[in-house]
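Here is what each chain is made of, one letter per residue.
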Amino acid sequence: MEDHRLHEVFMGLVRLVSAWHFDTPGGLSLSQAAALHTLDTEPPLSQQELADRLGLEKSSVSRLVGDLERRGLLERRRDADNRRLNQLRLTDAGRAAHHGLAGSFHGQFEQWSAGLTAEERDALVRGLSALLRVARDDH
C-alpha cells in the first residue's frame, strides 16, 4: 500500500534526524536546536510565541527555555511594553551555538543532496512541500 511505504520512509527520516549529534557543549535536543534557530532568525519572542512556532506544549517549552537559560544560551528580558511578559533572546553564546549547528546541518544536507539526481531533488521538494502544507493546515 502506498500510504504504508510513505509512512515507513517518513519514520526513517524522523529517526535519522532525531539521531543527529548536535555538536555543542553537552549536546542539544532537536527541540532545543529548533528553538535556537527560531530565536536567532525571528524577533524576540515570548515563551508562548516560541511554543506556537515550535508546535510544542507550553510546559515543554518552559523546561526547554529553563535548560537553555542555565546553559547561558538565552536570556529572558521583561517586555518594555508589557512588563508581565518576558521576551526570549539568544546570548552571544546562543548565537554562536546556532551558527555552529547551522553549519553542521548545511554540511550534512550538502552531503546528502549531492547523492540525488536533479529529478530526485525536484520530486523531494514537491513532495515535502506538499506534506508540510497539509500538516500545517491540519494545525
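For clarity, every value in this text was computed on a predicted model and none was experimentally measured. (Residues numbered from 1 in each chain as written. Predicted model: local features only at pLDDT ≥ 70, side-chain atom pairs only at ≥ 80, totals over all residues. Heavy atoms only, no water.)

## Describing the overall build of the chain
Okay, step 1: From N to C terminus, the chain includes 6 helices and 2 strands.
Okay, step 2: Along its sequence from the N terminus, the chain presents helices and strands in the succession α-α-α-α-β-β-α-α.
Okay, step 3: When the backbone C-alpha atoms are referred to their principal axes, the chain occupies close to 55 × 35 × 20 Å.
Okay, step 4: The burial tally for the chain puts 24% of its 139 residues in the buried class.
Okay, step 5: Looking at the chain alone, contacts between residues at least 24 apart form 47% of all its contacts between residues at least 6 apart.
Okay, step 6: About 9700 Å² of surface is accessible on the chain, with carbon and sulfur atoms providing 55% of the total.
Okay, step 7: The chain carries 18 positive and 21 negative side-chain charges, and their two centres are separated by 7 Å. (Helix = DSSP H or I, 4+ residues; strand = E, 2+ residues; numbered from the N terminus. Buried < 20%, exposed > 50% of the residue type's maximum accessible area, 1.4 Å probe, protein only. Contact = heavy atoms within 4.5 Å. Areas by Shrake-Rupley, 256 points an atom, 1.4 Å probe, with all protein chains shown as cover. Lys, Arg positive; Asp, Glu negative; His and termini not counted. Charge placed at Lys NZ, Arg CZ, Asp CG, Glu CD.)

## Digging into the pattern of salt bridges
Okay, step 1: Applying the stated rule across the entire model yields 5 salt bridges.
Okay, step 2: Between R76 and E69 there is a salt bridge whose closest N-O contact spans 2.9 Å.
Okay, step 3: Here D92 makes a salt bridge to R95, at a shortest N to O gap of 3.0 Å. Here the residue D92 and the residue R95 both occupy positions in helix α5 (residues 92-114), the gap between them amounting to 3 residues, near one helical turn.
Okay, step 4: When its relative accessible area of 62% is taken as the criterion, D92 is described as exposed.
Okay, step 5: Look at R95 and you get partly exposed, because its relative accessible area is 32%. (Salt bridge = Lys/Arg side-chain N within 4 Å of Asp/Glu carboxyl O.)

## Comments concerning the side chain of S113
Okay, step 1: Secondary-structure assignment places S113 in helix α5.
Okay, step 2: Accessibility expressed as a relative area gives 13% for S113, which makes it buried.
Okay, step 3: A polar atom in the side chain of S113 sits 3.4 Å from the backbone oxygen of E110. (Polar contact = N/O pair within 3.5 Å; in protein donor to acceptor, adjacent residues only side chain to side chain.)

## Some thoughts on the environment of T117
Okay, step 1: Structurally, T117 can be placed in the loop between α5 and α6 (118-138).
Okay, step 2: Separated by 33 residues in sequence, T117 and R84 place their C-alpha atoms 52 Å apart.

## Description of the confidence of the model for the chain
Okay, step 1: When the pLDDT values of the chain are averaged, the result is 87; 93% of them are 70 or greater.
Okay, step 2: Taken element by element, the chain is modelled with least confidence in helix α1 (residues 2-18), mean pLDDT 82, and with most confidence in helix α4 (residues 58-70), mean pLDDT 94. (pLDDT = per-residue confidence, 0-100.)

## A few points about α4
Okay, step 1: The terminal C-alpha atoms of α4, which comprises 13 residues, lie 18 Å apart, in line with the 18 Å expected from a rise of 1.5 Å per residue.
Okay, step 2: Every buried residue belonging to α4 is among V61, L64, V65, G66 and L68, and all of these are buried.
Okay, step 3: Its buried side turned inward, α4 meets α2 (30-41), α3 (47-54), β1 (74-78) and β2 (86-90).
Okay, step 4: Positive phi appears at G72, one or two residues downstream of α4, with a value of about 80 degrees. (Expected span 1.5 Å × (residues − 1).)

## Side note on the environment of E69
Okay, step 1: Relative to the helices and strands, E69 is located in helix α4.
Okay, step 2: Expressed as a C-alpha distance, the spacing of E69 and L88, which sit 19 residues apart in the sequence, is 9.5 Å.
Okay, step 3: Non-local contacts of E69, meaning those with residues more than four positions away in its chain, are made with L74, E75 and R76.

## A look at the packing of α3 against α4
Okay, step 1: Where α3 contacts α4, the axes come no closer than 9 Å and their chain directions differ by 110 degrees. Judged by the angle between their axes, α3 and α4 are roughly perpendicular. Helix-helix and strand crossings are classified by hand; for α3 and α4 the assignment is right-handed. Here α3 contributes Q47, Q48, L50 and A51 to the contact with α4, which in turn contributes K58, V61, S62 and V65.
Okay, step 2: Class assignment for the residues of the contact of α3 with α4 results in 4 nonpolar, 3 polar and 1 charged. (Axes fitted to C-alpha atoms, helices over the stretch in contact; angles between N-to-C directions. Parallel < 35°, antiparallel > 145°, perpendicular 65-115°, else oblique. Left-handed = near helix turned anticlockwise from the far one by under 90°. Nonpolar A, V, L, I, M, F, W, Y, C, P; charged D, E, K, R; others polar.)

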